[in-house]
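# Structural description and commentary
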Amino acid sequence: MEIMKEAIDAILSNIKNAESYLDEDEVQKFIDVIVKSKNIFVIGAGRSGLAAKAFAMRLMHLGLSSFVVGESTTPAINEGDCLIAISGSGETNTIVSAVKIAKNRGSNVLALTSYPESTLGKLADAYIFVKGRTKVEADDKNYMKRQIHGNYTSLTPLGTAFELTTLVFLDGLVSELMEVMKQTESDLKARHTVLE
């Protein structure tokens, strides 16, 4: 039970500390691109994909045209659109491939990653650094040496800190978008009710 409590504390601590490493200029770039885009596409693999889907639904509630890459009704991405790519490592093949296609078609790319120097980070027009334990850290060959020296890797399951912090960040971003777009909670509720 003690390990579970420590893991919960580690997850909550990562989320609480998220705002301390957010770059306001990058967040503003996200907002500007999203508001100006004709269509907004989101992509993520695994649990990052679930965070992406949740964000796409929030964008739809704001009245924005949003799609999840890989769904059967998702159209082709074009110039004037944007792709929001979520990958902790920034090296997930399916994500990087989709980003390259989007860039080749003239779309803007926004990224959320723990590794801004990754392929995804370098391809993105703007990125948000989201701290988290990713596969890169878990596969670290120096893991035991770091543990002996007291440099502990999070007790949280692989990706959890990244995915949950990303989900919280994106919900926070929705609040900023509501302000910019002059949307109220009542507007969202009315739109959501019509769609049910």
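Refer to the preceding data block for the structure.
Residues numbered from 1 in each chain as written. Predicted model: local features only at pLDDT ≥ 70, side-chain atom pairs only at ≥ 80, totals over all residues. Heavy atoms only, no water.

## Brief notes about a nonpolar patch on the surface
Just so we agree on the cut-off: Residues form patches when they are more than 30% accessible in relative terms and have no salt bridge. Like charges link within 9 Å. Nonpolar side chains (Val, Leu, Ile, Met, Phe, Trp, Tyr) link within 5 Å. Residue exposure ignores everything except the shown protein chains as possible cover, and the areas themselves are Shrake-Rupley values with a 1.4 Å probe. A pair is scored as a salt bridge if a Lys or Arg side-chain nitrogen falls within 4 Å of a carboxyl oxygen belonging to Asp or Glu. Only DSSP runs of H or I reaching four residues or more are called helices, and only runs of E reaching two or more are called strands; each is numbered from the N terminus.
Taken together, the side chains of Met1, Met4, Ile8 and Leu12 define a hydrophobic patch exposed on the protein surface, amounting to about 430 Å² of accessible area. Along the chain, methionine 1 turns up in the segment before α1 (2-16).

## Digging into the sheet that holds strand β1 (residues 40-44)
Across a sheet, strands are paired by hydrogen bonds formed along the backbone, either parallel or antiparallel in direction. Formally: A pair of strands is considered paired only if DSSP assigns at least 2 bridges between the two. To get an axis, fit a line to the C-alpha atoms, keeping to the stretch in contact for a helix; angles then go from 0 to 180 degrees between the N-to-C directions.
Strand order in the open sheet formed by 5 strands is β2-β1-β3-β4-β5, with parallel pairing between adjacent strands. A strand with exactly one partner marks an edge of an open sheet, and here the two such strands are β2 (66-68) and β5 (126-129). Between one strand axis and the next, the sheet turns by 20° as a mean value, whatever way the strands run. Pairing of strand β4 (residues 108-113) with β5, which is carried by 4 bridges, proceeds in the parallel orientation. By the bridge assignment, threonine 113 is partnered in β5 with phenylalanine 129.

## Quick notes on helix α8 (residues 160-180)
Our working definition: Each residue after the first adds 1.5 Å to the expected span of a helix. Categorising residues by exposure relies on relative accessible area from a 1.4 Å probe, with only protein chains included: less than 20% of the type maximum marks a residue as buried, more than 50% marks it as exposed, and the intermediate range marks it as partly exposed.
Helix length check: α8 (21 residues) gives 30 Å between terminal C-alpha atoms against 30 Å at 1.5 Å per residue, within 8%. All of the buried residues in α8 are Thr160, Ala161, Phe162, Glu163, Thr165, Thr166, Phe169, Leu170, Leu173, Val174, Leu177 and Met178. Positive phi appears at lysine 182, one or two residues downstream of α8, with a value of about 55°.

## Quick word on the pairing of β4
Where we set the bar: When the strands point away from the viewer, a crossover counts as right-handed if the path from the first strand over the helix to the second runs clockwise.
Burial within β4 is extensive, with 5 of its 6 residues counted as buried. Bridge analysis of strand β3 (residues 82-86) against β4 gives 5 bridges, and the strand direction is parallel. Counted as the bridge partner of isoleucine 86 is leucine 112 from β4. In this region the chain leaves β3, passes through helix α4 (residues 93-104) and returns to the parallel neighbour β4; the handedness of that crossover is right-handed.

## Digging into the pairing of β1
Extensive coverage of β1 is indicated by the burial of 4 of its 5 residues. Once you follow β1 into helix α3 (residues 47-61) and on to β2, the crossover reads as right-handed.

## With respect to the nonpolar core
Applicable threshold: Here, the term nonpolar core denotes a set of buried Ala, Val, Leu, Ile, Met, Phe, Trp, Tyr and Cys residues that are joined through side-chain atoms within 4.5 Å. Contact criterion: two residues are considered in contact whenever any of their non-hydrogen atoms come within 4.5 Å of each other.
Ranked by size, the top nonpolar core spans 29 residues in total, and within it Ile34, Phe55, Leu59, Ile84, Leu110, Leu112 and Leu173 carry the most contacts. If you list the elements that add at least two residues to this core, you get α2 (24-36), β1, α3, β3, β4, β5 and α8. Here this core takes 7 residues from α8, the largest share from any one element. Each residue touching phenylalanine 55, except ones within four places of it in the same chain, is listed here: Ile34, Val42, Ile84, Leu170, Leu173 and Val174. Core analysis: the next-biggest nonpolar cluster, separate from the first, contains 13 residues, Leu83, Val99, Ala102 and Ala111 among them.

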